[in-house]
Structures are given as structure tokens and as C-alpha cells.
Amino acid sequence: MKIFSAEQMRAWDAYTIRHEPVLSIDLMERAAGRCADWLLAHFGQETGFMVFCGMGNNGGDGLAIARMLLAAGRRAGVVILESRRQGSPDFLENLKRLQAASGAIFLLAAGDAIPDVPAGAVVVDALFGTGLNTPLSGHAARLVEHLNGLPNTRVAIDLPSGLFADRSAVGNPVLLATHTLTFAAPKLGLLLQENAPFTGEVHILDIGLSPAFESATETRFQLATATLVKSRFRPRNRFAHKGNFGHAYLAAGSLGKMGAALMAATACLRGGAGLLSCHVPRCGVGILQTALPEAMALPDPDETRLTTLPGETSRYNCAGIGPGIGTSTQTAAMLRSCLAKFQVPFVLDADALNLLAKDESLMSLLPAGSILTPHPKEFDRLFGAHDSDFDRIETALAAAERLQSVVLLKGHHTFIASPTGSGYFNTTGNAGMAKGGSGDVLTGLLTALLAQGYGAEDAALVGVWLHGKAGDLAVERQSYESLLPGDLVARLGAAFRQLYP
Ligand SMILES: NC(=O)C1=CN([C@@H]2O[C@H](COP(=O)(O)OP(=O)(O)OC[C@H]3O[C@@H](n4cnc5c(N)ncnc54)[C@H](OP(=O)(O)O)[C@@H]3O)[C@@H](O)[C@H]2O)[C@@H](O)CC1
Ligand SMILES: [K+]
């Protein structure tokens with residue numbers, strides 16, 4: 001699913017009006033109708049609503065929604081935040097229609113006291129949408145901050161007011177929505193980690209905008225939906241043998257961190273690698289061979305950490321390095337010889353990324369077609385400090401192109417920067433997965449997909465989706481609190497099945 005900018009949304013809106021054809025006011029009626037239906041379906045008969053409207057088209061939506069809620073027999077009050085200018089034409093038309101339907105309207109000018117919101121009423125935020133051009137200030141900012149302080153549920157129309165579709169709003173006043181009902185397509189601002197506190201649950205409402213425009217319009221960013229991921233998934237040939245699924249090399253673990261190695265190794269085998277050789281320090285050999293007899297062990301000469309590359313490197317067709325390896329100088333040297341000797345795609349995670357951050361010259365050794373999987377802190381260590389996630393995704397795309405590799409920025413919606421210049425946001429996963437070990441499982445899974453011959457972009461899309469889906473399936477039997485990375489591995493099979501044709 002494509003992610004549209006505010007400008008593309010305006011063009012899509014205008015194209016639909018011209019070509020359907022439909023009057024702009026009727027398109028607004030359709031959009032408001034979808035929101036009203038959603039609100040009526042989600043909140044019981046006893047729930048009242050307070051709709052806060054600006055004077056642009058977002059406010060026009062709000063007025064139409066209020067009229068529809070009243071027509072459905074619900075209690076709905078309307079507060080209009082006065083602006084310097086006259087309202088937009090569709091706002092003014094909806095104002096007339098609401099007045100004709102005897103809706104109660106309160107005009108809020110600068111300096112006025114904000115009307116009380118009844119306990120239990122749902123706040124509908126139709127103040128500003130994609131037309132916001134500067135950070136909120138003055139009485140608009142005060143209103144948003146006041147609404148944020150109330151215990152009421154808040155539903156934002158199109159965007160939480162104060163949020164920009166395409167640039168950062170860090171530090172600005174923004175409405176904290178419980179739900180966001182956004183029109184037709186996701187907006188970039190709704191997907192970035194920094195905005196997760198503001199968007200609440202995001203729901204994309206189909207308002208019947210032109211499908212022709214949608215398919216003809218190029219976008220830089222896409223959502224990695226199940227449909228997209230299925231198109232990249234490669235079902236197995238029934239007559240295949242283990243040699244068809246690659247031989248993965250996994251360097252993981254150190255004294256006290258053998259759990260990370262085990263989680264990655266198990267995920268690698270559950271992810272479908274034909275063979276797995278796991279390079280571990282001596283102290284980890286017994287642990288690995290006992291807990292995961294399916295994996296072969298490559299014991300390092302050192303007891304507690306990885307120091308020396310195994311002699312034979314030609315038998316592996318991909319390498320995963322990082323989980324639990326630490327950042328000692330011996331391990332850094334081992335990583336350097338790995339990068340220099342293995343001519344295969346790599347998955348680098350955790351301490352391997354920290355080692356890369358400490359020594360920039362390692363980055364130039366990275367073979368094309370590899371995958372880096374930093375979380376935001378590791379990302380900033382690698383690529384420098386960033387003020388916002390909008391900046392991070394630009395850096396990720398530039399780095400992906402420079403390295404001809406995938407840069408995967410972990411987060412609420414993990415971002416996959418492809419060397420082709422495309423950016424994808426993952427759609428699976430949940431807060432229960434925020435636990436040590438989750439990343440090790442992803443490393444193992446991505447390594448498995450590279451072993452099976454997936455290119456880096458497809459491996460990242462399929463791997464990140466499966467990882468999140470396994471988490472979503474696991475949480476049905478657990479809770480967000482109790483979920484363990486091992487539960488993700490246990491549900492990987494069920495997640496794979498969802499991709500079967
Ligand atoms: N796309 C679609 O298909 C459809 C889109 N629809 C809806 O249209 C919405 C976009 O509407 P929009 O373009 O009228 O902009 P909107 O968000 O209402 O804001 C503009 C108003 O805010 C004001 N304003 C701006 N910044 C400000 C600030 N910092 N502080 C204070 N004021 C500020 C600005 O004033 P001005 O800058 O002109 O003085 C103007 O009055 C979109 O989000 C969706 O809800 C649906 O109806 C149908 C289908
Ligand atoms: K809004």
C-alpha cells in the first residue's frame with residue numbers, strides 16, 4: 001500500500017473530483033460518512049461526542065460528522081476554533097447544513113474559556129489535518145494542550161491536530177489521539193516512531209478516491225502489507241533437499257550471552273536455513289549442542305568470546321553476526337576478517353553494529369546485498385545523531401544506496417530502506433516484542449532467508465513481517481507483558497503459514 005504525501009493527497013482529491021466526477025462537498029460528505037459510521041460502530045448508544053473543528057476542510061469534515069451523529073440520535077456538541085480567515089467553502093457549506101439541522105455550536109475565539117467536555121464524551125479532533133502549515137501556537141495550541149489533559153477518549157480525523165504529514169513535529173503541541181481515522185492512505189507522519197504517542201491506533205478509511213490515480217502515482221514509501229509480502233515470499237518446492245536452502249554461518253554469543261546465540265540460531269533453523277554452523281566461544285559449545293542439536297558448532301579457540309575466524313569459509317552462502325558477541329578488540333578483529341574473507345551477504349546486528357560504529361573502515365568492507373538492523377540508538381551511533389525520525393529515514397535511504405545494502409531501522413513500524421531508493425514500513429508486531437532477545441530472533445530469521453537465496457530487500461520485507469506476525473500470534477496466547485522472544489520462535493511456523501498461497 002502506497003504512502004501519500006500531503007501534496008499527493010490534495011492531488012488525489014482533486015483528480016477524483018474531476019474524473020469521477022464528484023463535487024468536492026459530496027466527497028467531504030463521503031469522508032465524513034465513513035468517520036461517523038466508524039464512531040457509531042465503536043461507541044455505544046449512551047456515548048456523547050464533542051467535535052472540535054478548525055475552519056479548513058478538516059473542520060468541514062468535523063461539522064458533517066457532528067450532523068451525522070445527531071441524525072443517528074446521538075448527543076453531539078460542536079466547538080469551532082475561530083481563525084483569522086473565513087472558513088473554506090466546504091466548511092461554510094457544512095456550517096449551514098449543521099445550523100439547519102439545529103446542531104448546537106460554540107464559537108471559540110482567542111481568550112475565551114474552553115467549554116467543558118462532559119465526562120465520558122468522546123472528543124473528536126477535526127481542528128487541523130493535512131493543511132497545517134506551521135506549528136500550532138496561541139489559542140490553537142492551548143486548546144490542544146487542554147484536550148490532552150482531559151481523561152476523555154480522543155479520536156483524530158485524518159491526522160492528530162499539530163502533526164504534519166511529511167515533516168517532524170517534535171517539540172510542538174500535538175493532540176494525543178486514542179484513535180486516528182485517516183483517509184484513503186497512510187501518511188508518513190502516522191508511521192514514524194517519534195509520533196507513536198500521538199496517533200494512537202491508526203485506521204485507514206476508504207473514501208472511494210480514484211484507483212487510477214493511486215496506481216499511476218509513484219510514492220517513495222510503502223506499507224509492507226500481507227499482500228506485498230506474499231508477493232515476495234517463495235513457497236518451497238516439494239522435491240527440494242537441504243542443499244537447496246543454503247548453509248548459514250552465524251557468529252554469536254560470549255560468556256553470559258549464550259542465550260542471544262541460541263535465540264538467533266533457533267530462529268535461523270526455524271526460518272528455513274538448510275544447514276547452520278554456529279561460531280561460538282568454547283564455553284558455549286555444550287550449551288548450543290545440548291539446546292539445539294540441529295545446529296553445528298564451530299568452537300572458537302577462546303573460552304569466553306569470539307576471536308578467530310574458522311578456517312574454512314567457502315561453504316557458507318551467508319553470514320549473520322552480532323547477537324551477544326560483545327565489543328572486545330579480539331572480536332572486532334574477528335569481524336574484520338569475516339568481512340574481508342566471506343564474499344557473501346551479511347546480516348549485522350547488535351554488537352556487530354557497535355563495532356562498525358567504532359571503526360568506520362569496517363563499513364567499506366561490507367559486501368553488497370547485506371542487511372544492517374539497528375535500533376534508533378545503534379542507528380545514531382552508526383550514522384551520527386539525528387533530531388527526528390524523518391531525518392533518520394532519509395539517512396537510512398542514503399546509506400542503503402551507498403552500501404548497496406538494506407538498512408533496517410527497528411521501531412514501532414520497522415523501516416526498511418532499500419538500495420533501490422524505496423522505503424517500506426512494516427505492519428506487523430506489537431509492544432510485547434520490546435524485550436531483550438527479540439532482535440536476536442530477527443537476526444537469525446534474516447540470516448535464514450539470505451541462506452535460502454532471498455535478495456536483501458525481499459529477505460528484509462519477509463523477515464520483518466514474519467517476526468512481527470509471530471509476535472502478534474504469540475501475544476494471543478500470552479500478554480504484552482509476558483511475551484518472550486522464545487515465544488516468537490515458537491510461532492514462526494504459524495506466521496509462515498499465513499504467507500502460503
Ligand atoms: N484529501 C482528501 O482526499 C480529502 C480531504 N479532506 C479533509 O481535508 C483536510 C485538508 O483540508 P485543508 O487543506 O483545508 O486543511 P486543514 O487541515 O483543514 O487546515 C487548513 C486550515 O488550518 C489553518 N491553519 C494551518 N496551519 C495553521 C496553524 N499552524 N495554526 C492555525 N491555523 C492553521 C489554515 O489557515 P490559513 O493558513 O489558511 O490561514 C486553514 O484554515 C484533510 O486533512 C481532510 O480532513 C476530506 O474532507 C475529503 C477528502
Ligand atoms: K485532526
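These numbers were taken from a predicted model, which means no experiment stands behind them.

1. Concerning a nonpolar patch on the surface
Consideration 1: Nonpolar side chains collect at one region of the surface, where Met1, Val202 and Ile204 lie side by side and expose about 200 Å² of accessible area between them.
Consideration 2: Counting through the fold element by element, Ile204 comes out in strand β8 (residues 201–205).

2. So, the packing of aromatic side chains
Consideration 1: For the structure on display, the rule yields 16 aromatic pairs.
Consideration 2: Measuring from ring centre to ring centre gives 6.2 Å for Trp12 and Phe213, while their planes differ by 15°; the resulting arrangement is stacked. In this pair, Trp12 is assigned in helix α1 (residues 6–19) and Phe213 in helix α7 (residues 211–216), connecting sequence segments 201 residues apart.
Consideration 3: By relative accessible area, Phe213 is classed as buried at 14%.
Consideration 4: Relative to Phe342, the ring of Tyr249 lies with its centre 4.7 Å away and its plane at 35°, an arrangement referred to as tilted. You can see Tyr249 sitting in strand β10 (residues 247–251) and its partner Phe342 sitting in the loop between α11 (329–341) and β14 (346–348), a full 93 residues away along the chain.
Consideration 5: Classification of Tyr249 by relative accessible area gives buried; the value is 0%.
Consideration 6: We classify Phe342 as buried; its relative accessible area is 1%.
Consideration 7: Put simply, the rings of Phe4, Trp12, Tyr15 and Phe213 pair up and form one aromatic cluster.
Consideration 8: Between Arg167 and the ring centre of Phe164, over which it is positioned, the NZ or CZ distance is 3.8 Å.
Consideration 9: The ring of Tyr454 carries Arg234 above its face, with NZ or CZ at 4.9 Å from the centroid.

3. A few points about the pairing of strand β18 (residues 423–426)
Consideration 1: Because side chains alternate across β18, one face comprises the buried residues Gly423 and Phe425, and the other comprises Tyr424 and Asn426, equally buried.
Consideration 2: As paired elements, strand β9 (residues 221–224) and β18 share four bridges and run parallel to each other. Each bridged residue has a counterpart across the sheet, and for Gln222 the counterpart in β18 is Tyr424.
Consideration 3: As defined by bridge partners, strand β17 (residues 415–417) adjoins β18 across three bridges and the pair is classed as antiparallel. Bridge assignment links Phe415 to a residue of β18, and that residue is Phe425.
Consideration 4: Between β17 and the antiparallel strand that follows it, β18, lie five residues; Gly421 among them carries a positive phi value of about 100°.

4. Quick notes on the domain arrangement of the protein chain
Consideration 1: When the domains of the protein chain are assigned, the result is domain 1 (2–219) and domain 2 (226–232 + 242–498).
Consideration 2: When each unit is reduced to the centre of its C-alpha atoms, the spacing between domain 1 and domain 2 is 41 Å.
Consideration 3: A buried area of about 970 Å², summed over both sides, lies between domain 1 and domain 2, and 71% of it is on carbon and sulfur atoms.
Consideration 4: Per-residue buried area on domain 1 facing domain 2 is highest for Leu191, Leu192 and Gln193; these three make up 50% of the total on that side.
Consideration 5: Summed over the shared surface of domain 1 and domain 2, the number is zero salt bridges.
Consideration 6: Linking domain 1 with domain 2 are three residue pairs in polar contact (both at pLDDT 80 or more), by the criterion used here.
Consideration 7: Class assignment for the residues of the side of domain 1 that touches domain 2 results in eight nonpolar, four polar and three charged.

5. Description of the packing of helix α2 (residues 24–42) against helix α4 (residues 89–100)
Consideration 1: Contact pair α2 / α4: the axes reach a minimum separation of 10 Å and the direction vectors enclose 65°. In this structure, α2 meets α4 at a crossing whose hand is right-handed. Seen from α2, the contacting residues are Ser24, Ile25, Met28 and Glu29; seen from α4, they are Asp90, Glu93, Asn94 and Arg97.
Consideration 2: Among the residues forming the contact of α2 with α4, the class breakdown is two nonpolar, two polar and four charged.

6. What to know about the coordination of the potassium ion (ligand 2)
Consideration 1: Donor atoms from the polypeptide that bind the potassium ion (ligand 2) are Asn58 (OD1), Asp125 (O), Phe128 (O), Ile157 (O) and Leu159 (O), placed at 2.6 to 3.0 Å.
Consideration 2: Between consecutive donors of the potassium ion (ligand 2), the numbers of intervening residues give the motif N-x66-D-x2-F-x28-I-x1-L. Taken together, the residues span a long stretch of sequence, with Phe128 in the loop between β5 (122–126) and α5 (138–148) and Ile157 in strand β6 (residues 154–157) at a distance of 29 residues.

7. Points about the packing of α11 against helix α12 (residues 350–358)
Consideration 1: Their axes nearest at 10 Å, the elements α11 and α12 cross at an angle of 90°. In terms of orientation, α11 and α12 fall into the roughly perpendicular class. Note on element contacts: α12 touches α11 through Ala352, Leu355 and Leu356, opposite Thr331, Ala332, Leu335 and Leu339.
Consideration 2: Its residues assigned to classes, the contact of α11 with α12 shows six nonpolar, one polar and no charged.

8. Some details on the UniProt feature "binding site: AMP" (unreviewed entry) in the protein chain
Consideration 1: UniProt tags Lys410, Gly411, His412, His413, Thr414 and Gly439 as "binding site: AMP" (unreviewed entry). In terms of the greatest pairwise C-alpha distance, the residues named above, spread along 30 residues, form a tight cluster of at most 14.2 Å across.
Consideration 2: Here Gly411 lies in the loop between β16 (406–409) and β17.
Consideration 3: Within the fold, His412 resides in the loop between β16 and β17.

9. What about the site of ligand 1?
Consideration 1: Neighbouring ligand 1 are 21 residues; Asn58, Asp61, Gly129, Thr134 and Asp158 lie closest to it.
Consideration 2: Within the contact set of ligand 1, a nitrogen atom lies 3.5 Å away from a backbone nitrogen or oxygen of Pro135.
Consideration 3: Interatomic distance of 2.6 Å between a side-chain N/O atom of Asp158 and an oxygen atom of ligand 1.
Consideration 4: Here ligand 1, which alone exposes 940 Å², has 84% of that area covered by the protein.
Consideration 5: Of all elements in the fold, only α1 and α3 (57–71) reach the threshold of two or more residues within the shell around ligand 1.

Scoring rules and cut-offs
Residue positions within a chain follow its written sequence, with the count starting from 1. A letter from A marks each chain and a number from 1 marks each ligand, given out in the order of writing. Given that the model is predicted, a residue must reach a pLDDT of at least 70 before its local features are reported, and side-chain atom pairs must reach 80 or more before they are shown or counted; all residues, however, enter totals for whole chains, interfaces and linings. Water and hydrogen atoms were dropped before computing side-chain values, which therefore reflect all heavy atoms in the structure. Each patch is built from residues lacking any salt bridge and having more than 30% relative accessible area; the joining distance is 9 Å for like charges and 5 Å for nonpolar side chains (Val, Leu, Ile, Met, Phe, Trp, Tyr). Note that accessible areas follow from Shrake-Rupley with a 1.4 Å probe, and for residues the cover is restricted to the protein chains shown. The salt bridge definition used is simple: a Lys or Arg side-chain nitrogen within 4 Å of an Asp or Glu carboxyl oxygen. Numbered from the N terminus, helices here are DSSP runs of H or I no shorter than four residues, and strands are runs of E no shorter than two. Working definition: rings of Phe, Tyr and Trp (its six-membered ring) pair if their centres are within 6.5 Å, and the pair is stacked with planes under 30 degrees apart, edge-to-face with planes over 60 apart, and tilted otherwise. Burial classes: relative accessible area under 20% of the type maximum marks a residue as buried, over 50% as exposed, and values in between as partly exposed (1.4 Å probe, protein chains only). Lysine and arginine charges are scored as sitting over a ring when NZ or CZ, respectively, is within 6 Å of the ring centre and within 35 degrees of the ring normal. A strand pair is defined by DSSP finding two or more bridges across the two strands. Domain extents, as shown, originate in an automatic or database domain assignment. Here the buried area means the combined drop in accessible surface, using a 1.4 Å probe, for two parts upon being joined, counting both sides. Two N or O atoms form a polar contact when they lie within 3.5 Å of each other; inside protein one atom must be a possible hydrogen donor and the other a possible acceptor, and for residues adjacent in sequence the pair counts only when both atoms belong to side chains. In this count, Pro and Cys sit with the nonpolar residues alongside Ala, Val, Leu, Ile, Met, Phe, Trp and Tyr, while Asp, Glu, Lys and Arg are called charged and the others, Gly among them, polar. Between N-to-C directions, angles span 0 to 180 degrees; the directions come from axes that are lines fitted to C-alpha atoms, helices contributing only their stretch in contact. Left-handed describes a crossing whose near helix is turned anticlockwise from the far helix through less than a right angle; right-handed describes the clockwise counterpart. Contacts were defined at the residue level, with two residues in contact if any of their heavy atoms lie within 4.5 Å. The donor set covers N, O and S atoms within 2.8 Å of the metal, switching to 3.2 Å for Na, K and Ca, and it leaves out water, so a site may look short of donors. With respect to orientation, any angle under 35 degrees is reported as roughly parallel, any angle over 145 as roughly antiparallel, any angle of 65 to 115 as roughly perpendicular, and every other angle as oblique. UniProt positions are given in the numbering used here, feature names are shortened, and annotations may be inferred rather than shown by experiment. Throughout, near means a residue has at least one heavy atom within 4 Å of the molecule or strand.

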